[in-house]
Amino acid sequence: MEFKLIDQQNCPICLSGQKKLFLSCVDYTVSQKTFELQECAGCGFVFTSPRPQNSDLGAFYESDEYISHSNTKKGLISRLYQSVRNRTLKQKLQIINSRQAHGSLLDIGCGTGEFLNVVQQNGWKVRGIEPGDKARQAAEENYKLDVRPEEALKQIATESMDVITMWHVLEHVPDLKGRLEELNSILKKDGLLIVAVPNRNSHDAAHYGKFWAAYDVPRHLWHFRPQDIRTLFGNHGFEVKEVLPMKFDSYYVSMLSEKYSTGAIRYFGAFRRGWISNSKAANEAWSSQIYIIRKK
């Protein structure tokens, strides 16, 4: 596949223009190409650079291996993912219901719509944003959801949403500054923002290194630690109130990481590594984490 690479000139968190090579990782899902991760010399934030230009990024999601967009059930890993997702959907709903009264909810990057469907059935007024044409069509056809392309985000009224969710989406967003400004604009003053991202400070990230599946280049443009999330959102008028674990993610990520590092799916080794990662995850070091955020 042909694509043009562009460089991330400045760190989106501290704006430093100084960076150094952190890792080189392979895109095992689509292109099999190698991409570099750069570490900011000012604050230590890590990002994919150079990366495909925005107009080319969509091609890197066109694979049955990319489950959130294809909803495939092929292969044991995909079936396990589907089984776990059905359980975690209810947990996500409980997180929201225990912190915010029913009202309007926007899910950005809603994929094929499974989460929005559960929330809608619970009595919320929902809408979704999804840039992928196939995933958006599946959400509309399977669940009769109101899902719009990404450009529709700019058309949402100021302070109109009670809840905004981004489940493993922020790491994909090319323009972090622009996105956080949009979130601040459309979220009500007493609204709830929920952001879930992989955590490169986790044990499984340290163990697998360049084979850590959650680096997922070049689809993942940004590679967050908890301090990165706090600083980034603090810079845009938000405050992180709670950090919650996504305990299943360590097992799923470890399965893929075992496959990438050894060429085979070593289920026992992956389960053991996922368990070890969770057991070492005190002090916000889970493989993936949910950030409960409010406006300042």
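The residue numbering used here restarts from 1 in each chain and proceeds along that chain's sequence as written. With pLDDT at 70 or above as the cut-off, local features in this predicted model cover only qualifying residues; side-chain atom pairs require 80 or more to be listed or tallied, and sums for whole chains, interfaces and linings still use all residues. Processing note: side-chain calculations cover all non-hydrogen atoms of the structure and skip hydrogens and water entirely.

S.K.: Which residues make up empty space enclosed by the protein, and what values go with them?
M.R.: Residues are said to line a cavity or pocket when one of their atoms sits within 4 Å of a point; the points come from a 1 Å grid over protein atoms alone, cavities being sets where a 1.4 Å probe fits but cannot get out and pockets being open sets with protein on both sides within 12 Å along at least five of seven lines. Grid points are joined across faces, edges and corners, and a volume is the space filled by probe spheres set on the points. Taken as a whole, this structure holds 2 cavities of 30 Å³ or more when the rule is applied. Volume-wise, the largest cavity comes out at about 80 Å³. If you trace the largest cavity, you find 14 residues lining it, with Val26, Tyr28, Ala213, Asp216 and Tyr260 closest to the centre. For the lining of the largest cavity, the class distribution of residues is 9 nonpolar, 1 polar and 4 charged. Taken as a whole, the second largest cavity holds about 50 Å³ of empty space. In terms of lining, the second largest cavity is formed by Glu171, Pro198, Asn199, Arg200, Trp212, Ala214, Tyr215, His220, Trp222, His223 and Phe224. Charged residues are taken to be Asp, Glu, Lys and Arg, nonpolar residues to be Ala, Val, Leu, Ile, Met, Phe, Trp, Tyr, Cys and Pro, and polar residues to be all remaining types, Gly included. A breakdown of the residues in the lining of the second largest cavity according to their chemical character gives 6 nonpolar, 3 polar and 2 charged.

S.K.: Lay out the layout of surface pockets in plain terms, naming residues and giving numbers.
M.R.: Of the voids in this model, the second largest pocket is the one considered here, and its volume is about 210 Å³. Lining the second largest pocket we find Glu150, Glu151, Leu153, Lys154, Val173, Pro174, Asp175, Gly178, Arg179 and Glu182.

S.K.: So what's going on with the nonpolar core? Which residues, and what values?
M.R.: Among the buried residues, those of types Ala, Val, Leu, Ile, Met, Phe, Trp, Tyr and Cys that are joined through side-chain atoms within 4.5 Å form a nonpolar core. Burial classes follow relative accessibility: with a 1.4 Å probe on protein chains only, a residue under 20% of its type's maximum area counts as buried, one over 50% as exposed, and anything between as partly exposed. Of all hydrophobic cores here, the largest spans 36 residues; its most connected members are Leu170 and Phe233. Elements with a minimum of two residues in this core: strand E6 (104–108), strand E9 (161–167), helix H6 (176–186), strand E10 (187–198), helix H8 (226–234), strand E12 (238–245) and strand E13 (288–295). Only heavy atoms enter the contact rule, under which two residues are in contact if any of them lie within 4.5 Å. Contact partners of phenylalanine 233, with chain neighbours within four places excluded, come to Leu170, Leu180, Leu183, Leu193, Val195, Phe238 and Ile293. The next biggest cluster of nonpolar side chains, apart from the first, holds 24 residues, and it includes Leu105, Cys110, Val119 and Ala139. Working definition: helices are DSSP H or I runs of at least four residues, strands are E runs of at least two. Numbering for both runs from the N terminus.

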